[in-house]
Amino acid sequence: MEFTVSRADLVRELNLSQGVVEKKTTIPILSNVLVEAEGDRIVLTATDLELGIRCSCPARVKKAGAGTIPAKRLLDYVRLLPEGDVQVKIADNHWANITCGRSKTRIAGMSRDSFPELPEMPAVLAEIPIGVVAQMIGKTVFAISNEESRFTLSGALLVLRKGGLAMVATDGHRLAMVESGGEIAGITAAYRALLPRKAMMELQKLANDADPAAIVQFSGDENHLFFKLGDRLLLSRKLTGNFPDYERVLPKEHGASVGLNREDLRAAIERVSQFSDERSRAIRVRVGDGEVKVHSSVSDTGESEDSIPAEYKGAPVEIGFNAQYMVDFLRAVDGETITFLFKDPHSAGELQPTATDKGGSYRYVIMPMRI
Amino acid sequence: MVRWELENFFGNAAVVETLTEMIRGQRIPQTLLLSGPEGVGKATLARRFGALLLGHPERIEQDDLSLESNAAIMADREKWPSDKRNEDPLFFSSHPDFVTFPPDGPLRQLTIPQMRLLKERASLKPLSGAWRVFLIDGIDRANEQAANSLLKTLEEPPPHLILIMTARNPFDLLPTIRSRAVPLPLGRLTEGDMRAFARARALDEAERRLRLAEGSPGVAVALDLEAYGRRREAMLALLRVASGVDPFGAWMKHADSIAARRTEKLDSYLDVLYILLEDVLRATNGIAPLRNEDARTHIQAVAERVSFDWLRAAVARVDELMDLLRRNIQKSLALDAFAAALRAR
């Protein structure tokens, strides 16, 4: 195989594969990137068996073929080359010769035969702007469980239904659900799948590098999920298991609600939580006449209280929450004000942005703590 | 198709038949425990079984731990600091849906980070087809915490996962592990099976290998006769000294050369010592042939000096050393103490 490619293109595409390339040493082929040259393009594929990424860029292909090259070593070297054309040639003994101007390098590669075969993308199920996907991920990913034994919770539920898209994540103590606003093209049938956290992270990386309006083609088969953005394809194994029935967790109605300035609330909770118990991170939120008080105390270290003005006229209520859970939401949500919905100290509380854009919704439910 | 894969498996026909039947009837238990002595083919059978379910046997066979490349990876990791090993838990997966978790580190143990990785990977669906097969090769090498952390996965494996565990002695395991798996005990091979195996593999010095391997094809193949000869010479010298045939000084030069071989583990010597003690017992009772028939004169000399009580004490001492191995005892000191204690009897 032999081709010539621009250094900038090669570095850009190799960079994308770095998050997916296996850094571990036990399966050497997975630290390699598969390079396939055909027609007027090269295709780069990397996988850690959990995720796969396939990207391509234009190249002048002199001799079509395929081979694998250690991904990190290749990137680290190519990055240091001067701007210009890079010539790559992989010999039958799997050694890759890389020439650029007056620089010449040989890297030991491996046969492509042992590189895992990745599945082909089936028919497209939806076409979603990457900006929407990234935003939905940003609003849910923090609620995913870190407990490895609860494997159905180690990812987010992706729901496709007529006219919309929803993403839900929970760790059993809190639940974040976001629904896209606006029409999503291409959805003809309902579809649900569990998307692993790692895939969500990689999708966000793809988004960082793209125009938010660019369209992601989404698809799935029995075991995999596919996201195609232009010439780049990210695929991930699905997580197995039954996601909890989140619709039953979402409170139908709350007794009361209060609007609060998002920044004020976040700053108050961050300050006060310095004095909460390190393990439980418990704080008390007291909604009273004209203000919301946030309070926490650890008997032998100290205590702290903050108060935020609020328009509230009902009976005072005090509920315990995990400060970290509240801050997670307040950092992820946009808008100046949020609405806090609640009933009593034994019922779940809910946070929402006060104004939602274009028919979308964002709901965040937190279980109360007994203090 | 089923026949073809398992045809080349020697011995333990009943277990092979059971596994074949499981696939034929598509009634496959999700947790299996293959138990039996070293080298009878527990992991080999697990791989063949996996290949029947997943295809691509050639890929799965690349994860055979006895292959030189894999053994080299594992030997290399022994030198790593434990932090690095914990960050990069050991597993092999040449076939994307067949994952092998071998014991790791100088003490060859299954670690908690490996089990954590297993659980994380377990929840992901297969790359293709309906199944993923995970092989925990040597669950008896997992410490209690690591074993306990597996219980939930063993009890409720994800629907696509088949978890195969191997162990030399199932009764070394926590009862909670044992009771969660379908047990499939493998035994040593008959002499006929072993001969058929040796012919099929065209083993050199087959007679000698078969006598030493004692019904274990894996041992017969893996046996490094040269290293074995060297170790046997040292261990024979140890027994001659311990039984009072030779003065203590005769042991010193062997002790020095054992101490100088830093990478060689004490177990490899103790395994030889067990075989020699067995031969001494055979010789005292006139049972022929000895497993080390070629060293008969030395063994006979020891046998004439010792009583049954001495032999029993010697075996108990080796057992004790085996137990102490995981505490990283000093090789030559341990062997010196062995000889000294038995000379005193």
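None of these values were measured; they are calculated from a predicted model. (Residues numbered from 1 in each chain as written. Chains lettered and ligands numbered in written order. Predicted model: local features only at pLDDT ≥ 70, side-chain atom pairs only at ≥ 80, totals over all residues. Heavy atoms only, no water.)

## Concerning the overall build of chain A
- Summing up its helical and strand segments, chain A has seven helices and 25 strands in all.
- For the C-alpha atoms alone, the extent of chain A along its principal axes is close to 80 × 50 × 35 Å.
- Within chain A, the proportion of its 371 residues that are buried is 53%.
- In chain A, the proportion of contacts linking residues at least 24 apart, taken out of those at least 6 apart, comes to 68%.
- Accessible surface, chain A as shown: approximately 16800 Å² in total, 48% of it carbon and sulfur.
- Taking the average place of the 46 positive charges on the side chains of chain A and the average place of its 50 negative ones, the gap between the two points comes to 5 Å. (Helix = DSSP H or I, 4+ residues; strand = E, 2+ residues; numbered from the N terminus. Buried < 20%, exposed > 50% of the residue type's maximum accessible area, 1.4 Å probe, protein only. Contact = heavy atoms within 4.5 Å. Areas by Shrake-Rupley, 256 points an atom, 1.4 Å probe, with all protein chains shown as cover. Lys, Arg positive; Asp, Glu negative; His and termini not counted. Charge placed at Lys NZ, Arg CZ, Asp CG, Glu CD.)

## Describing the interface of chain A and chain B
- Contact residues are listed per partner, giving 26 residues for chain A and 29 residues for chain B.
- Both sides together, the interface formed by chain A and chain B hides about 2400 Å², and carbon and sulfur atoms give 54% of it.
- Taken together, the links from chain A to chain B amount to two salt bridges.
- A salt bridge links Arg237(A) to Asp97(B), with the nearest nitrogen and oxygen atoms 2.7 Å apart.
- At the junction of chain A with chain B, the criterion picks out 10 residue pairs in polar contact (both at pLDDT 80 or more).
- Its residues assigned to classes, the side of chain A that touches chain B comprises eight nonpolar, eight polar and 10 charged. (Buried area = accessible area lost by both parts, 1.4 Å probe. Salt bridge = Lys/Arg side-chain N within 4 Å of Asp/Glu carboxyl O. Polar contact = N/O pair within 3.5 Å; in protein donor to acceptor, adjacent residues only side chain to side chain. Nonpolar A, V, L, I, M, F, W, Y, C, P; charged D, E, K, R; others polar.)

## As for the domain arrangement of chain B
- If you check the domain split of chain B, you get domain 1 (13–187) and domain 2 (224–343).
- Using only C-alpha atoms to locate each centre, domain 1 of chain B and domain 2 of chain B end up separated by 34 Å. (Domains from an automatic or database assignment.)

## What about the domain arrangement of chain A?
- Split by domain assignment, chain A resolves into domain 1 (2–114), domain 2 (126–247) and domain 3 (251–366).
- The C-alpha-based centres of domain 1 of chain A and domain 3 of chain A are spaced at 50 Å.

## Brief notes about the packing of helix H16 (residues 266–284) of chain B against helix H17 (residues 296–305) of chain B
Residue and element names in this part refer to chain B.
- Contact geometry of H16 with H17 gives a least axis separation of 9 Å together with a crossing angle of 70°. Comparing the axis directions of H16 and H17 gives the class roughly perpendicular. In this structure, H16 meets H17 at a crossing whose hand is right-handed. Across the interface between the two elements, Leu276, Asp279, Val280, Ala283 and Thr284 of H16 pack against Ile299, Gln300, Val302 and Ala303 of H17. (Axes fitted to C-alpha atoms, helices over the stretch in contact; angles between N-to-C directions. Parallel < 35°, antiparallel > 145°, perpendicular 65-115°, else oblique. Left-handed = near helix turned anticlockwise from the far one by under 90°.)

## Structural notes on the pattern of salt bridges
- Applying the stated criterion to the full structure yields 51 salt bridges over all chains.
- Between Glu205(B) and Arg208(B) there is a salt bridge, with the nearest N and O atoms lying 3.6 Å from each other.
- Through salt bridges with shared partners, one network takes in Asp9(A), Arg12(A), Glu13(A), Asp209(A) and Arg232(A).

## Concerning the packing of helix H14 (residues 225–242) of chain B against H17(B)
Residues and elements named next belong to chain B.
- Running from N to C, H14 and H17 point in directions that differ by 25°, and their axes come no closer than 9 Å. Relative to H17, the element H14 is oriented roughly parallel. Every pair of crossing elements has a handedness; the one defined by H14 and H17 is left-handed. Facing H14, whose interface residues are Leu236, Leu239 and Arg240, H17 presents His298, Ile299, Ala301 and Val302.
- Looking at side-chain class alone, the contact of H14 with H17 contains five nonpolar, one polar and one charged residues.

## Let's talk about the pairing of strand S14 (residues 191–196) of chain A
Residues and elements named next belong to chain A.
- With five of six residues buried, S14 lies mostly within the body of the structure.
- One ladder, built from six bridges, connects strand S11 (residues 155–161) with S14; its direction is antiparallel. Counted as the bridge partner of Leu160 is Tyr191 from S14. (Pairing = 2+ DSSP bridges.)

## Some points on H16(B)
All names here are of chain B.
- Helix length check: H16, at 19 residues, gives a terminal C-alpha distance of 27 Å against a target of 27 Å (1.5 Å per residue), a fit within 8%.
- All buried positions along H16 are accounted for by Leu266, Ser268, Tyr269, Leu270, Val272, Leu273, Ile275, Leu276, Leu277, Asp279, Val280 and Ala283.
- Among the structural elements, helix H12 (206–213), H14, helix H15 (249–260), H17, helix H18 (308–324) and helix H19 (331–343) are those in contact with the buried residues of H16.
- After H16 finishes, the residue Gly286 shows a positive phi value of roughly 70°. (Expected span 1.5 Å × (residues − 1).)

## Points about the sheet that holds S11(A)
Residue and element names in this part refer to chain A.
- What the eight strands build is an open sheet, ordered S14-S11-S12-S13-S25-S24-S23-S18; its pairing is antiparallel. The outermost strands of the open sheet, each flanked by one partner alone, are S14 and strand S18 (256–261). Across this sheet, the average inter-strand angle for adjacent strands is 20°, counted without regard to direction.
- Bridge count between strand S13 (residues 174–179) and strand S25 (residues 361–366): six bridges; the pairing is antiparallel. Along S25, the bridge assignment pairs Leu175 with Val365.
- Across the sheet, helix H6 (residues 262–272) is in contact with S18 and strand S23 (337–342); its angle to S18 comes to roughly 90°.

## Some details on the environment of Glu50(A)
- Residue placement: Glu50(A) occurs in the loop between strand S3 (41–47) and strand S4 (51–58).
- Through-space distance from the C-alpha of Glu50(A) to that of Leu235(A) is 8.6 Å; in sequence the pair is 185 residues apart.
- Setting aside chain neighbours within four positions, we find Glu50(A) in contact with Lys198(A), Leu235(A), Ser236(A), Arg237(A), Arg121(B) and Leu124(B).

## Section: the pairing of strand S9 (residues 103–108) of chain A
All names here are of chain A.
- Summarising the sheet, strand S8 (residues 95–100) and S9 pair through six bridges and their orientation is antiparallel. When the sheet's bridge partners are listed, Cys100 is paired in S9 with Ser103.
- Hairpin connection between S8 and S9: a loop of two residues separates the two successive antiparallel strands, and Gly101 in this loop has a positive phi of roughly 55°.

## Description of H6(A)
All names here are of chain A.
- Here H6 has its buried residues at Arg262, Leu265, Arg266, Ala268, Ile269 and Val272. Taken end-on, H6 shows its buried residues confined to a sector of 165°, consistent with a single buried face.
- The inward-facing, buried residues of H6 contact S18, strand S19 (282–288), strand S20 (291–298), strand S21 (302–309), helix H7 (323–332) and S23.
- Backbone nitrogen of Glu263 and a side-chain oxygen of the N-cap are separated by 3.0 Å at the start of H6; the cap is Asn261. (Arc of directions from axis to C-beta.)

## Observations regarding the sheet that holds strand S1 (residues 31–35) of chain B
All names here are of chain B.
- As summarised here, the arrangement of the six strands in space is S2-S3-S4-S5-S1-S6, forming an open sheet in which the pairing is mixed. Unpaired on one side and paired on the other, strand S2 (92–95) and strand S6 (182–185) mark the two borders of the sheet. The mean inter-strand angle of the sheet, taken between neighbouring strand axes irrespective of direction, is 20°.
- Sheet topology places strand S4 (residues 132–137) next to strand S5 (residues 161–167); six bridges connect them, and they run parallel. When the bridges of S5 are listed, Phe134 appears paired with Leu163.
- Sitting on the sheet, helix H2 (residues 13–24) is in contact with S1 and S6, with an inclination near 140° to S6.

## Focus on the nonpolar core
- In terms of nonpolar packing, the biggest core is built from 100 residues, with Phe3(A), Ile42(A), Phe227(A), Ile269(A), Phe340(A) and Phe342(A) touching the most fellow members.
- No other element matches the seven residues that H7(A) contributes to this core.
- Once residues lying within four places of it in the same chain are set aside, the contact partners of Ile42(A) are Phe3(A), Val5(A), Leu10(A), Glu36(A), Ala37(A), Cys55(A), Ser56(A), Cys57(A) and Ala59(A).
- Counting 42 residues, the second-largest nonpolar core is a separate cluster that includes Val241(B), Ala255(B), Trp310(B) and Phe338(B). (Core = buried A, V, L, I, M, F, W, Y, C linked by side-chain atoms within 4.5 Å.)

## Some points on the packing of aromatic side chains
- Under the defined criterion, the tally for this structure stands at 11 aromatic pairs over all chains.
- Here the aromatic rings of Phe10(B) and Phe197(B) are separated by 5.4 Å at their centres, their planes lie at 80°, and the arrangement is edge-to-face. Linking Phe10(B) in the loop between helix H1 (2–7) and H2 with Phe197(B) in helix H11 (residues 191–201), this pair joins segments that are 187 residues apart in sequence.
- These aromatic residues form a ring-pair network of at least three members: Phe142(A), Phe329(A), Tyr362(A) and Tyr364(A).
- Cation over ring: Lys84(B) sits above Trp80(B), and NZ or CZ is 4.1 Å from the ring centre. (Phe/Tyr/Trp six-rings, centres within 6.5 Å; stacked < 30°, edge-to-face > 60°. Lys NZ or Arg CZ within 6 Å of the ring centre and 35° of its normal.)

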